[in-house]
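Spelled out from the first residue to the last, the chains are:
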Amino acid sequence: LRELIELMRKGFVIQSVMPSSEASANTDPTVFHKRYLKQVRILGEGHFGKVTLYLYDPANDGKGEQVAVKSLKQENDKISDGWIKEIEILKSLYHSNIVKYKGCCTELGGQVVQLIMEYLPLGSLKDYLPKRNLPMSHCLMFAQQICQGMNYLHSKRYVHRDLAARNVLVENDSLVKIGDFGLTKYIPEGEIYYRVREDGDSPVFWYAIECLKESKFSFSSDVWSFGVTLYEILTRCDRRQSPPDKFFEMMKEAQGQMTVVILIKLLEQGLRLPCPKDSPHEVKILMERCWSADPSERPDFESLIKKFQILRQ
Ligand code: ADP
Ligand code: MG
């Protein structure tokens, strides 16, 4: 069977061997059959999706492969355009710092219901960091890897729009990958931003000022979110110092108004998250530049990669 798959990959599909679509579905390595997926445990949940660890075990001998399976929370809803787009985007990305697409699991009617990805055993940075006392140099290595994944994503003209520690996954002690492309948008050549109106539940404490004020999402607004993610890494994802908690602390005096309105005022006054205690001065400067009110003053990921390279030496 493996040889046959290899032949198919190379384009040698032998018609007499592969007469029906059922046969090709059986050998396409990106087609996962629901009946062979054995649930192990729930890995995590966000606003829109639920991710579960399964053992994919067609031989039924308990030796199958572990895969992470993402499905939409409201299963009964009609499969949305957004869900199909998320799958298509992940399918088109190949980078060592981006979670790998493995395939799909379709319902009998043909609708894609589940997205199959590689399983990252250490979970998100939010699960991983609080349990360890990671030295600064290690934090900066993770930060650089995130920049590498983001630089690749931007080279394909995608804005992530939800970069945060909860969406960065940990493969092992020296490798992180970006995940969750649920809010990702394509920016056509010649344009600089994507304007979105989202109803509620947006990750506002990771948003750049122009996202909050004008719903303008650009490569530079991802850089702002990266600054917040860097802040999370440097606080080792300590819950008491989380971006929402810190901002709510700063917002205490101005109660009564809508959170976003107060947040905008605060940012317009130049207030920002505090730089975590043990950060080197250069890192503080870099983080603050990611939070420049003027998007054009923020660094891009390519220059961030170089900065981290120097800082880590
Ligand atoms: P949502 O769109 O609902 O936010 P995510 O894709 O961010 O969904 O996944 C939710 C959580 O599930 C993540 O924060 C992480 O903890 C866990 N998770 C997601 N993908 C994987 C994976 N491939 N391996 C291990 N854990 C994962
Ligand atoms: Mg998420």
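Residues numbered from 1 in each chain as written. Chains lettered and ligands numbered in written order. Predicted model: local features only at pLDDT ≥ 70, side-chain atom pairs only at ≥ 80, totals over all residues. Heavy atoms only, no water.

### Comments concerning unusual backbone geometry
Okay, so step 1: With phi around 70 degrees, Arg161 is a residue other than glycine that occupies positive phi space.
Okay, so step 2: Unlike most non-glycine residues, Arg236 shows phi in positive territory, near 55 degrees.
Okay, so step 3: By secondary structure assignment, the location of Arg236 is in the loop between helix H7 (219-234) and helix H8 (243-250). (Helix = DSSP H or I, 4+ residues; strand = E, 2+ residues; numbered from the N terminus.)

### A few points about the nonpolar core
Okay, so step 1: Core analysis: the largest hydrophobic core is formed by 77 residues, its most contacted members being Leu125, Ile146, Phe181, Phe226, Leu230, Leu304 and Phe308.
Okay, so step 2: The greatest single-element share of this core, amounting to eleven residues, is contributed by helix H5 (residues 136-155).
Okay, so step 3: Contact partners of Ile146, with chain neighbours within four places excluded, come to Leu125, Leu163, Val168, Val176, Ile178, Phe226, Thr229 and Ile233.
Okay, so step 4: Grouped together as the second largest cluster of nonpolar side chains are eight residues, Tyr56, Val67, Cys105 and Ile116 included. (Core = buried A, V, L, I, M, F, W, Y, C linked by side-chain atoms within 4.5 Å. Buried < 20%, exposed > 50% of the residue type's maximum accessible area, 1.4 Å probe, protein only. Contact = heavy atoms within 4.5 Å.)

### Looking at the packing of aromatic side chains
Okay, so step 1: Counted under the stated rule, the structure contains nine aromatic pairs.
Okay, so step 2: With a centroid separation of 6.0 Å and 75 degrees between ring planes, the pair formed by Tyr36 and Tyr56 is classed as edge-to-face. Remark: Tyr56 occurs in strand E2 (residues 49-56) and Tyr36 occurs in the loop between helix H2 (21-27) and strand E1 (37-45); sequence separation between them is 20 residues.
Okay, so step 3: Relative accessible area serves as the criterion here: at 10%, Tyr56 is assigned to the buried category.
Okay, so step 4: Here the aromatic cluster, defined as three or more aromatic residues joined through ring pairs, consists of Phe32, Tyr36 and Tyr56.
Okay, so step 5: The residue whose ring lies beneath Arg161 is Phe217, and the NZ or CZ to ring-centre distance is 4.2 Å.
Okay, so step 6: One residue, Arg166, lies across the ring of Trp206, its end atom 4.4 Å from the ring centre. (Phe/Tyr/Trp six-rings, centres within 6.5 Å; stacked < 30°, edge-to-face > 60°. Lys NZ or Arg CZ within 6 Å of the ring centre and 35° of its normal.)

### A short note on the coordination of the magnesium ion (ligand 2)
Each donor-metal-donor angle would ideally measure 109.5 degrees in four-coordinate tetrahedral geometry, or 90 or 180 degrees in six-coordinate octahedral geometry.
Okay, so step 1: Looking at the magnesium ion (ligand 2), the protein donor atoms are Asn167 (OD1) and Asp180 (OD), and they sit 2.1 to 2.2 Å from it. Of the two residues, Asn167 is situated in the loop between strand E6 (158-159) and strand E7 (168-172) and Asp180 in the loop between strand E8 (175-178) and strand E9 (185-186); the sequence distance between them amounts to 13 residues.
Okay, so step 2: Of the residues examined, Asn167 reaches a relative accessible area of 7% and is grouped as buried. (Donors = N, O, S within 2.8 Å, 3.2 Å for Na, K, Ca; no water.)

### Some remarks on the pairing of E7
Residues in a regular strand project their side chains so that they alternate between the two faces of the sheet.
Okay, so step 1: As paired strands, E7 and E8 are joined by four bridges and run antiparallel to one another. The residue bridging Leu169 from the neighbouring strand is Lys177, located in E8.
Okay, so step 2: Counting the residues that bridge the hairpin from E7 to E8 gives two residues. (Pairing = 2+ DSSP bridges.)

### Focus on the sheet that holds strand E3 (residues 65-72)
Okay, so step 1: With antiparallel pairing, the five strands of this open sheet are ordered in space as E1-E2-E3-E5-E4. Either end of the sheet is taken by a strand with one partner, and the two such strands are E1 and strand E4 (101-106). Across the sheet, the mean angle separating the axes of adjacent strands is 30 degrees when strand polarity is ignored.
Okay, so step 2: Of the strand pairs in this sheet, E1 and E2 are connected by seven bridges, and their pairing is antiparallel. (Axes fitted to C-alpha atoms, helices over the stretch in contact; angles between N-to-C directions.)

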